[in-house]
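Structural overview for review
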Amino acid sequence: MAAELHPRSGKLIGLSNSNRTAQRNQPVQEFNHGLVLSREPLRDQDVFTVRIDKKVNSWSGSVEIGVTALDPSCLDFPSSATGLKGGSWIVSGCSVLRDGRSVLEEYGRDLDQLAEGDRVGIQRSTRGELHLWVNGHDCGAAASGLPTRLWAVVDLYGKCTQVTVVSCEPPSSMERDPERETVEGHEEVVVCGVREVDTGDLTSVVNLAAAANGTNGTTEQVPELPPTHDRPEFPNNIDPETVLTEHQLFDVFNNAIVSLYRSEDEGGGGRDLGGGTGTDSGNGSRGDRGSSSGGGAVNSDSGGGTGNTGSTNNSPAGGAGLGAVTGGMTTNDALLFHEKCGTLIKLSNNNKTAERRRPLDEFNNGVVMTNRPLRHNEMFEIRIDKLVDKWSGSIEIGVTTHNPNNLDYPATMTNLRSGTIMMSGCGILTNGKGTRREYCEFSLDELQEGDHIGLMHKASGALHFYINGIDQGVASAQTPAVVYGVVDLYGMAVKVTIVHNHNHSDRLRRNNAIMRALSPDVGRPRHTLSLTSDPDTTDRLLFHSNCGQKAAIISEGRTALRPHATDDFNHGVVLSGRPLRSNEVFQVRIDKMVDKWAGSIEIGVTTHNPAYLQLPSTMTNLRSGTWMMTGNGVMHNGTTILDEYGHNLDRLKAGDTVGVVRKEDGSLHFFVNGVAQGPAAWNVPPSVYAVVDLYGQAAQATIMDDMADLPPLPEDSSEGPTVMSPGSPCSVAGDNSANDLRFHQLHGTNAVITNGGRTAFRQNCRSEFNDAIVISNRCLRDGELFEIVIQKMVDRWSGSIEAGVTAIRPEELEFPNTMTDIDYDTWMLSGTAIMQDGNTMRNNYGCDLDSLTTGSRIGMMRSATGDLHYYINGVDQGVACTGLPPGKEVYAVIDLYGQCVQVSITSSSGPLDNSLCTSNITEKSFPIHSPVASVAHRLHSKHGKNVVLLGEGCQAVRVGGYAHGIVFSAKELKTDELFEVKIDEVDNQWSGSLHMGLTSLAPPELPSCPMSGLSPSLTQLRTKVTWLLVGSEVRRNGVLQRQNYGASLDRLMVGNRVGVKRCSDDTMHVLIDGEDMGPAATAVAKNVYAVLDLYGRVTAVSIVSSSVLGDAESIKAPSLSSDSCSDGEEDSTPVERTKPALVPNTAMAFLENHGKNIQLSNQNLTAARVSSYNQGLLVTAQPLPRQHLFQFQIDRLNPSWTSSLSLGVIGHSPDRLNFPSTACCLKRSAWLLQRDSVFHNSLKICENYGPNLDTCPEGTVLGLLVDGNSCLHLHVNGMDQGVAAQDIPTPCYPLIDLYGQCEQVTIVTNNVPTMGGESGEARCQGDMEKADMVDGIKESVCWTPPPDVNPNKTCEYQALCSRFKDLLTLPDGYFNEDAKYNLCYCESCHKLRGDEAYYKRGEPLRDYALPFGWCCFALRIKPHCEVSNAFKKWHIAYHGTSVGALRRTLDHAQLLSGTSSIFSVSPVKMEGPNGYSEPEENSNSLPDRERDRDREVPRVQLSPTMRYSGLEMFAPKVQFRDPRSHCCHQAQVGFQVCVRPGSYKVGPQKLGASEPLDPRFSNTEIEWITKEQGGTLLYGLLIRVE
């Protein structure tokens, strides 16, 4: 056949070279859709071979190859080869999959490890077997029974991006495997393509099972036999000529192995490492694997016996395989510790145990090595016996080429600089240097006593590490041939023991793995086989050893995990080892999560026995006997039975718990963090097994044995009186039938009853709005409350739920479209109207059903006097109507009308669990209305020649061609102002797409005829600086600056939104569909316009953003300094700000309706969260008037939690609000400030707003204000942070969520001075007093920070800088004793203080910039300078220096010339304190004449901004290790100085920079030079850490 590829292929494939070469497009953005097939079907014996041409490192996984019976000419190509069904066999990695399901786990070469230039081929043999060929070598049979008509399949997946077909022909005779020829005259047993010659002795069946998964002499793991047994007791009454089926082999194999394990557990004899007891059957060489069934050792150097010349043992234990006992092995051959070891090591237990002496006094000198080199594929495994909790660091393990007899043992093995590979923590160190920082997800420092660590030196030279039996993958690809095992008992590790065998559960698990590979369809019960646990542990709930392909069981069955959770998201199903008893709670704790996938843990029960179950990829795929809670719903046999059941499991975090219980009545209940979620299913049979699916984000879970902390199970109605909701009427005490209320089986056409009659929903809710009436299953008693909860709504129809009672029996009711159509014996509440027999009796009843939302509870009750009452969230709304016939039966009626879709009966059992409403994402959302109708953003009238503007400049359309579509924003963008457009039309005949960015080109400067002044596309625009995103590339003036920035603009479709903004840190950010892609470019100029190019496919866009109302600065409240100034004084800040007229403070207090963990005090002015970390929502009882500043103070923080409070406003009355667990779950008319973002109805609308609220310390005063333009403002310590949101409705109510760390707040009243207010005494930057006035000029004081507001008391950055300062060992006498004068200028801290970026100071006034990103430690000022009023007239400047010059500068109390300063220009070299000389780093290469002139008068250079003085050439970086986190950082140092006016000259920068270094200062005036002694005074030490 032709060695070509079929022209039809995956959607990202491009073919070339006459269809012989395939390349995956966009290889660094996409990892799949790279499927190609052969042009023609394969002929038998032809090897379809491809060469790997290109690979990238962006992804995991690589090329996949196989065959399929699907014709490529009519194939609907899936995203990857593993998605092929209908007769497809694919080799992926080292696994073989059939129709997407794994049939062989360990096969051949690992395709993921192949490199560029390697060749891989696929072949169908004449016997119908599938063979893989790698670089001309046959890897053996991968599958059998293949059909005759097959096409070759190659998947350019993950790292593999290009392949070329090199041949398609039979292999040469020399390449054929002679060992695969059939032996004539013998009967054969065929299992998965492996052939064994039957000689009449069934002991060979064990070797047959071992060979079933092996290729080329490498066998799959087989349970190891103890030396006391020469073989399992296989039955001897089987006819030798019998051909065993898969199922027969399964039974024989398992019964023999399990009986052997039981006899061992009941007390086997001692172990003898002498000669083997097996005998050769006479056919030791079978012609297929060369295996031995007798007692000969497997390894050639093990002694006598017949076997391979090389090791065929792949067992992690390193022992012989089943059927090959340790005959011939002497005790000298056992792997032990060498007699020569570290100075503190004590050996015992025949040198199998090593222990470090004096573990509480010494932490090293604990190195031990093996007594001989490791053999290939031999497992060297140790068990941790003892740890001490004193030191940091723990055990380290690896290999070394050094012979222990000749080695001078180091204190720790990582000090050895040659021939050594060690695993330390979770990384790999080679010769003492880190080569792989994160080798695996486990860290050796976190292992506990009893954990196992192993390593194996593979025959290929690869080194693998194993943790608790789990292979962590290749640690080193090329390891020397002769290496010794080495263990370093370092730090916490004190004692270890070499492990020579595996425990019982490991054997059973490998046994099951072998049998699943041999017979993947086996699933029928076998009562003759019992795989129960040890009798001593049968009562304890543990995980069964049979688990999902990607799962593992550790910690003696208590913990389940997905070891490679970042690579795979499914195949993590685990089951309990025994069935659950009635009322037995099975609960697990989530130990570890990854944030790569969607979805999370799922839990439930199943009737399937795990010993026989072929585990699916995810448990919801099982179609029988299974109930699972997934997300916030419940599924039975893969079908959803409850849509909105309980707390959403996808939102759980590490440390949360989930549980399940089957009660005696057959009902199934789930728990989340110990809170019962209510009944989920009924009629669940007994003897079900618990199931946990470690899916998606869930990576590890542990069974919680101690149930003492669990609350008692909720009792059914038959077990006592019910508990009523607050304010609800009392039911008849002791009435055993109070909770038997259900929905009747008769109902409206569109209604569906589920959940045992407790839940009703309307099907086809988006196409049908009525015909969904449901009625109670029995009549209501007098005084009995019938209550339901709304679980789901849709935002599609008008009108909503209607509720009432009727005297018509369900059997007699002909269900109408709506219940208000009934004209007799019916009383209904519809909206606010009370209706009887279809006629309105009264309007404006106390509640409005149309305004209820998800989670609201509605109840109705007929009193003994015939009055009808309604209850909303447990609150009686009063008498709705009277005159209901007393003594006559009435039934509760619910009409699921309009927006209301699903309800459930609460059975009057008290307030419904809040998780029901907080965790559900209801379909009834309230999205932000597009601001286009009243948009302030417009497009400029000057644009490309093919563009037409519509809608008053809100829409741009390209009317011709594919280019000349440039458009600009009408105005310059303000800082952090988002300019966003939506794509309206695309034309797929063109390639390319929208370009977007920022430009310093002002459209008004363009000529009146734009087509003569604009280039065809933005990439060609050169007249001014333009920053641009093209596809996923960032360009500056057309020059590529960055690749793979984010999602590619080339993939945008109609409806997608793209935005751009310039942030306060001079970076450009691009947002796609509201998601910030991060900084795209830096050093962006201040005065820029948004620019976009309607290029290629995109032909029309419309603006969906609006500009900030007015100047962002002008709407801020006045600073403290302006409050203290007299009229007519000039403001020291660069921007004048007007003070809005605030409404006098009115009495505000918290509402009694609040979250369930809130306790109010102090006349409802103080609120405290008394338990847990959530359920802490608060609102005020009074609405917030316009121009009124509502303030509260943070009283108490609890550092045990993460995150902190959030605050905002809601636009509806909170009196009847059913509070969710957190504010972010509010979906209706809610504006929320959380961290540094703004949310509207849980959707993020703004980022980087104000300070991060999570960093606010105790004592911070936060405030909310709605101005006259309906804009919401946040105030922090009296500082207005600007507009957070617009269009706030009237009335609105302040909202506070006491979440996480924040536990108590108090409303600030008139008699409580607010921080930063006029009554406060603190002064911050910009404060002024009369003493600061000189000649009528107001000055800003930089050295008086507000003592209470100054620091973020929990600022981690300031603490890190402080630790670096301590490492400098500078005398404390140089620094101010009062730490409150130390100022941190990180983003959170300076925003909390409300700092401006620039201030003026001195006489005459001169600008200086605050050192954002640095931390300032105040220096001690000389007393005569501190009290000098003239000193405050000096200017502020900065000076970058080196760490080595700090001490000398401080000793002289002023900046020095010479080499002590990196800014000095004196050529004289001075020797440093340690005998080394520092370079003249800031000589600036001055001409010799000028240098000679300045030799006598040295100069010192300064700058008014640290953006210049902090450059690395002035302040060189030094590396240090943080003593707390042990992480390495880089640090710079400098000084904040006061400089006397007139003592310096202003000059240009000498770096040759073309771009402005600071937007406030010109490059020609950014450098100050002073020659005067005493002209500078050191004020603060500046430190910046990266």
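Scroll up a little and you will see the structure.
Residues numbered from 1 in each chain as written. Predicted model: local features only at pLDDT ≥ 70, side-chain atom pairs only at ≥ 80, totals over all residues. Heavy atoms only, no water.

Attention now moves to the overall build of the protein chain. Scanning the protein chain for helices and strands turns up 11 helices and 91 strands. Split into buried and exposed, the 1586 residues of the protein chain put 56% on the buried side. Put simply, of all contacts in the protein chain between residues at least 6 apart along the chain, 69% involve residues at least 24 apart. When the accessible surface of the protein chain is split by element, carbon and sulfur atoms take 47% of a total near 64400 Å². (Helix = DSSP H or I, 4+ residues; strand = E, 2+ residues; numbered from the N terminus. Buried < 20%, exposed > 50% of the residue type's maximum accessible area, 1.4 Å probe, protein only. Contact = heavy atoms within 4.5 Å. Areas by Shrake-Rupley, 256 points an atom, 1.4 Å probe, with all protein chains shown as cover.)

Our next topic: the packing of aromatic side chains. One pass over the full model with this rule turns up 23 aromatic pairs. A centroid spacing of 5.3 Å and a plane angle of 50 degrees characterise the contact between Phe363 and Trp391, whose relative ring orientation is tilted. In this pair, Phe363 sits in the loop between β17 (353–356) and β18 (367–369) while Trp391 sits in the loop between β19 (379–387) and β20 (396–400), placing the two residues 28 residues apart along the sequence. For Phe363, a relative accessible area of 31% corresponds to the partly exposed category. Ring centres of Phe1190 and Phe1192 lie 6.2 Å apart, and the angle between their planes is 40 degrees; this geometry places the pair in the tilted category. Each member of the aromatic cluster is reached from another via a ring pair, and the members are Phe31, Trp59 and Tyr157. Across the ring face of Phe1375, the terminal group of Lys1365 is positioned such that the distance to the ring centre comes to 4.2 Å. (Phe/Tyr/Trp six-rings, centres within 6.5 Å; stacked < 30°, edge-to-face > 60°. Lys NZ or Arg CZ within 6 Å of the ring centre and 35° of its normal.)

Glancing now at the side chain of Ser1204. Here Ser1204 shows up in the loop between β71 (1190–1197) and β72 (1206–1210). Dropping the residues within four chain positions of it, Ser1204 is found in contact with Leu1197, Leu1253, Asp1254, Tyr1299, Gln1301 and Cys1302.

Moving on, we get to the sheet that holds strand β33 (residues 602–606). Whenever strands of a sheet pair, they do so through backbone hydrogen bonds, lying parallel or antiparallel. Strand order in this open sheet of six strands is β31-β40-β33-β34-β35-β36, and the pairing throughout is antiparallel. With one partner strand each, in any of the chains shown, β31 (573–575) and β36 (639–642) form the two edges of the open sheet. Strand-to-strand twist of the sheet, defined as the mean angle between neighbouring strand axes without regard to direction, takes the value 25 degrees. Across four bridges, β33 lies against strand β34 (residues 626–630) in antiparallel orientation. Bridged to Thr606 within β34 is Thr626. (Pairing = 2+ DSSP bridges. Axes fitted to C-alpha atoms, helices over the stretch in contact; angles between N-to-C directions.)

To continue, consider the pairing of strand β1 (residues 13–16). The side chains of a regular strand alternate between both faces of the sheet. Inspection of the sheet shows β1 paired to strand β2 (residues 21–24) by four bridges, in the antiparallel sense. Counterpart to Ser16 in the pairing with β2 is Thr21. Here β1 folds back onto β2 in antiparallel fashion, the turn holding four residues, of which Asn17 has a positive phi close to 55 degrees.

Bringing helix α6 (residues 1356–1367) into the picture now. The terminal C-alpha atoms of α6 lie 17 Å apart, and with 12 residues this matches the ideal 16 Å at 1.5 Å per residue to within 8%. Taken as a whole, α6 has its buried residues at Tyr1357, Gln1358, Leu1360, Cys1361, Arg1363, Phe1364 and Lys1365. Structurally, α6 contributes buried residues whose contacts are with β81 (1383–1384), β84 (1415–1418), β87 (1518–1521), β88 (1528–1539) and β91 (1576–1585). Positive phi appears at Thr1369, one or two residues downstream of α6, with a value of about 55 degrees. (Expected span 1.5 Å × (residues − 1).)

Looking now at the sheet that holds strand β70 (residues 1177–1179). Pairing is antiparallel across the open sheet formed by six strands, whose spatial order is β70-β79-β72-β73-β74-β75. On the outer flanks of this sheet lie β70 and β75 (1243–1246), each paired with one strand and no other. Averaged over all adjacent pairs, the angle separating strand axes in this sheet is 25 degrees, with direction ignored. Bridge analysis of β72 against strand β79 (residues 1293–1297) gives five bridges, and the strand direction is antiparallel. When the bridges of β79 are listed, Ser1206 appears paired with Asp1297.

We now examine a nonpolar patch on the surface. Taken together, Val948, Leu950 and Val959 make up a surface patch of nonpolar side chains, about 240 Å² in accessible area. Its location among the elements puts Leu950 in strand β55 (residues 947–950). (Patch = residues over 30% accessible without salt bridge, like charges linked within 9 Å, V, L, I, M, F, W, Y side chains within 5 Å. Salt bridge = Lys/Arg side-chain N within 4 Å of Asp/Glu carboxyl O.)

Under the definition given, this model contains zero disulfides. Between Cys1224, a cysteine without a disulfide, and Cys1225, which holds the nearest cysteine sulfur, the sulfur-to-sulfur distance is 4.4 Å. (Disulfide = S-S within 2.5 Å.)

Cis geometry is found at the peptide bond from Thr1290 to Pro1291, where omega equals -5 degrees. Along the polypeptide, Pro1291 turns up in the loop between β78 (1279–1285) and β79. With omega at 0 degrees, the peptide bond leading from Glu1403 into Pro1404 counts as cis. A positive phi angle is found at Asp99, which is not glycine, with a value near 50 degrees. Mapped onto the elements, Asp99 comes out in the loop between β7 (95–98) and β8 (101–104). Asp99 gets classed as partly exposed once you look at its relative accessible area, which sits at 23%.

Turning to the nonpolar core, a few remarks are in order. Among the nonpolar cores identified, the biggest contains 39 residues, and Phe380, Ile382, Ile395, Ile397 and Val487 are the most heavily contacted of them. Those elements that place two or more of their residues in this core are β19, β20, β21 (420–424), β24 (452–457), β25 (463–467), β26 (470–476), β28 (493–499) and β29 (552–554). A total of four residues in this core trace back to one element, the largest contributor, which is β19. With sequence-adjacent residues up to four places away left out, Val487 is seen in contact with Phe337, Gly366, Val367, Val368, Phe380, Ile382, Ile395, Glu396, Ile397 and Val496. Counting 38 residues, the second largest nonpolar core, distinct from the first, contains Ala1149, Leu1165, Phe1192 and Val1266. (Core = buried A, V, L, I, M, F, W, Y, C linked by side-chain atoms within 4.5 Å.)

Below, the discussion takes up the environment of Cys1416. Within the secondary structure, Cys1416 is located in strand β84. Assessed through its relative accessible area of 3%, Cys1416 is described here as buried. Sequence spacing of Cys1416 and Asn1382 is 34 residues, and the spatial spacing of their C-alpha atoms is 5.6 Å. Not counting the four nearest positions on each side in its chain, Cys1416 is found in contact with Asn1382, Leu1383, Tyr1385, Gln1536, Gly1580, Leu1581 and Leu1582.

Side chains carrying opposite charge are able to pair once their charged atoms draw close together. Evaluated as defined, the whole model comprises 39 salt bridges. Linking Arg1196 and Glu1303 is a salt bridge whose minimum nitrogen-to-oxygen distance equals 3.3 Å. Taken together, the residues Arg1196 in strand β71 and Glu1303 in strand β80 (residues 1302–1307) connect sequence positions 107 residues apart. A relative accessible area of 14% places Glu1303 in the buried class. Each of Arg1062, Asp1066, Arg1507 and Asp1558 takes part in one network of salt bridges that share partners.

With six of its six residues buried, strand β76 (residues 1261–1266) lies for the most part within the structure. Of the two faces of β76, both are covered, the one formed by Val1261, Gly1263 and Leu1265 as well as the one formed by Leu1262, Leu1264 and Val1266. Of the pairings in the sheet, the one linking β71 to β76 comprises four bridges and is antiparallel in character. Each residue of the ladder has a partner; that of Phe1192, found in β76, is Leu1262. Here β76 pairs with strand β77 (residues 1272–1276) via five bridges, running antiparallel. The residue of β77 that forms the bridge with Val1266 is Leu1272. The turn joining β76 and β77, which pair antiparallel and follow one another in sequence, is formed by five residues; a positive phi near 65 degrees is taken by Ser1270.

Structurally, Asn1198 can be placed in the loop between β71 and β72. For Asn1198, a relative accessible area of 19% translates into the label buried. There is a polar contact of 2.9 Å between the side chain of Asn1198 and the side chain of Ser1200. A polar atom in the side chain of Asn1198 sits 2.9 Å from the side chain of Glu1303. Every residue in contact with Asn1198, bar those within four places of it in the chain, is listed here: Gln1301 and Glu1303. (Polar contact = N/O pair within 3.5 Å; in protein donor to acceptor, adjacent residues only side chain to side chain.)

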